[in-house]
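Spelled out, the chains give:
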Amino acid sequence: MVVEPRTALSLRGVRKAFGPIVAVAGVDLDIVAGEICGLIGPNGSGKSTLFDCCTGLLRPTAGRVLAGATDITGWEMARIARQERLLRSFQKAVVFRALTAEDNLVLAGQMTAFPGLAATFGCGQNTRRRVRELRDRAGVLLERVGLAHMRHAKAGEMSFGQQKLLQFASMLMPEPRTILLDEPFAGINPVLIERIVENIRAVNREQGVTFVIVEHNIDVLRDLSHRLVVLSRGSILADGDPDAVIRDPLVVEAYLAG
Ligand SMILES: Nc1ncnc2c1ncn2[C@@H]1O[C@H](COP(=O)(O)OP(=O)(O)OP(=O)(O)O)[C@@H](O)[C@H]1O
Ligand SMILES: [Mg+2]
């Protein structure tokens, strides 16, 4: 019997146009559960827009998006995060600057675990116990990403790199299945890049979390990814073994053409 690999995320003819600008031009792509897939392409090739279409920030102009076997096209971002445990980061570090590192993580855990007003403002025994659990989990994750010493610091007082680490830890709070990272290494120093890389590898290996990573740092991505997909002008130009893809003359040409 042949066992088909499970698919974490499937795109079928996904297209997104902004008026006359076609950002994503009909993409078919299957992300295999448990893989680390790098997604590269010149500036403006549609990488972030593709993530937006997968995670509910934008509704595709055409095509379908499936998480596992579930058609999530048109779902809101919060529902996709809560029900499908499909999460994404943004190019800029998005953290709540006025909250402590720990509270940022607790909030990230609550947003997916406690839908609805009643739960947000509830103060019953169960809620209090759950918040305690979230605080414990936040402590473990801060330790894991090397931010234990910043647990009670305001996120706004942390460096840009530390905020990116915090954003990464936030995505681990709701026990994700699939994580889409948009330029996780941009603008941060090599030591923190290595720390994020180690965490991605560990979470992928230990918990089987699937990653799709958009990044311009191709050297880091080549070492980290099991597979590399290249987007150019909204379409897939190459897809396969990272070393072979990077050497592909079509890919080299697309980058030179910008
Ligand atoms: N909200 C929007 N309105 C109009 N055009 C947009 C919008 N968002 C993106 N675009 C356009 O869609 C195209 C793809 O943009 P996108 O941000 O997805 O590219 P990218 O591959 O992520 O680029 P980068 O590597 O610079 O982050 C670009 O031409 C961009 O100008
Ligand atoms: Mg982008």
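Above this note sits the structure.
The following paragraphs examine the structure supplied in this document.

### Overview of the packing of aromatic side chains
- Here the structure, examined in full by the defined rule, presents one aromatic pair.
- Ring centres of Phe168 and Phe211 lie 6.5 Å apart, and the angle between their planes is 15 degrees; on these two criteria the pair is classed as stacked. Taken together, the residues Phe168 in helix α6 (residues 160–172) and Phe211 in strand β8 (residues 210–214) connect sequence positions 43 residues apart. Of the two residues, Phe168 and Phe211, both sit in the buried class.
- Arg79 extends its terminal NZ or CZ atom over the ring of Trp75, reaching a point 3.5 Å from the ring centre.
- Sitting over the ring of Phe90, Arg88 keeps its end group 4.1 Å from the ring centre.

### Quick word on the state of the cysteines
- A full pass over the atoms with the stated rule returns zero disulfides.
- Left without a disulfide partner, Cys54 is nearest to the cysteine sulfur of Cys53, which lies 6.9 Å away.

### Some words on the layout of surface pockets
- Estimated volume of the largest pocket: approximately 510 Å³.
- For the largest pocket, the lining is made up of 20 residues, of which Met77, Leu87, Arg88, Ala108 and Met111 are closest to its centre.
- Mapped onto the lining of the largest pocket, the elements with two or more residues apiece are α2 (77–84), β6 (86–88), α3 (101–113) and α6.
- Among the residues forming the lining of the largest pocket, the class breakdown is 13 nonpolar, six polar and one charged.
- Every residue lining the second largest pocket is counted, 17 residues in all, and those nearest its centre are Arg6, Ala8, Ala33, Arg177 and Thr178.

### Focus on the pairing of β8
- Across the five residues that make up β8, a large majority, five, are buried.
- Across the two faces of β8 the burial is the same, with Thr210, Val212 and Val214 and Phe211 and Ile213 all buried.
- Following the chain from strand β7 (residues 178–182) across helix α7 (residues 190–207) to the adjacent parallel β8, one finds a crossover that is right-handed.

### Notes on the sheet that holds strand β5 (residues 70–71)
- Read across the sheet, four strands follow the order β2-β1-β4-β5 without closing on themselves; strand pairing throughout is antiparallel. Strands at the two margins of the open sheet, each flanked by one partner only, are β2 (21–32) and β5.
- As paired elements, strand β1 (residues 7–18) and strand β4 (residues 62–67) share five bridges and run antiparallel to each other. Residue pairing in the sheet places Arg12 in a bridge with Arg64 of β4.

### Things to note about the site of ligand 1
- Around ligand 1 sit 13 residues, and of these Asn43, Gly44, Lys47, Thr49 and His216 come closest.
- At 2.8 Å, a backbone N or O of Gly44 approaches an oxygen atom of ligand 1.
- The separation between an oxygen atom of ligand 1 and a polar side-chain atom of His216 is 2.8 Å.
- For ligand 1, whose unbound accessible area comes to 640 Å², protein coverage reaches 62%.
- Here the element with the most residues in the shell around ligand 1 is helix α1 (residues 47–55); it accounts for three residues.
- Looking at the shell around ligand 1 residue by residue, the classes come out as three nonpolar, eight polar and two charged.

### Structural notes on unusual backbone geometry
- One non-glycine residue, Glu175, lies in positive phi territory at about 50 degrees.
- As for its position among the elements, Glu175 is in the loop between α6 and β7.
- Residues other than glycine seldom take positive phi values, yet Arg233 does so here, at roughly 50 degrees.
- Its location among the elements puts Arg233 in the loop between β9 (227–232) and β10 (235–240).

### Things to note about empty space enclosed by the protein
- On inspection of all chains with the given rule, the structure shows three cavities of 30 Å³ or more.
- Around the largest cavity sit Ser89, Phe90, Lys164, Gln167, Phe168, Met171, Leu181, Pro184 and Ile196, which together line it.
- Of the residues contributing to the lining of the largest cavity, the split by class is six nonpolar, two polar and one charged.
- Forming the walls of the second largest cavity are Leu9, Leu11, Leu29, Ile31, Leu39, Leu50, Phe51, Cys54, Leu180 and Val212.
- Where the lining of the second largest cavity is concerned, the elements lending two or more residues are β1, β2 and α1.
- Among the elements that line the lining of the second largest cavity, the one with the most residues is α1, at three residues.

What counts as what
Residues numbered from 1 in each chain as written. Chains lettered and ligands numbered in written order. Predicted model: local features only at pLDDT ≥ 70, side-chain atom pairs only at ≥ 80, totals over all residues. Heavy atoms only, no water. Phe/Tyr/Trp six-rings, centres within 6.5 Å; stacked < 30°, edge-to-face > 60°. Helix = DSSP H or I, 4+ residues; strand = E, 2+ residues; numbered from the N terminus. Buried < 20%, exposed > 50% of the residue type's maximum accessible area, 1.4 Å probe, protein only. Lys NZ or Arg CZ within 6 Å of the ring centre and 35° of its normal. Disulfide = S-S within 2.5 Å. 1 Å grid on protein atoms, 1.4 Å probe; cavity = no way out; pocket = protein on both sides within 12 Å on 5 of 7 lines; lining within 4 Å. Points joined across faces, edges and corners; volume = space filled by probe spheres on them. Nonpolar A, V, L, I, M, F, W, Y, C, P; charged D, E, K, R; others polar. Right-handed = clockwise from strand over helix to strand, strands pointing away. Pairing = 2+ DSSP bridges. Near = heavy atom within 4 Å. Polar contact = N/O pair within 3.5 Å; in protein donor to acceptor, adjacent residues only side chain to side chain. Areas by Shrake-Rupley, 256 points an atom, 1.4 Å probe, with all protein chains shown as cover.

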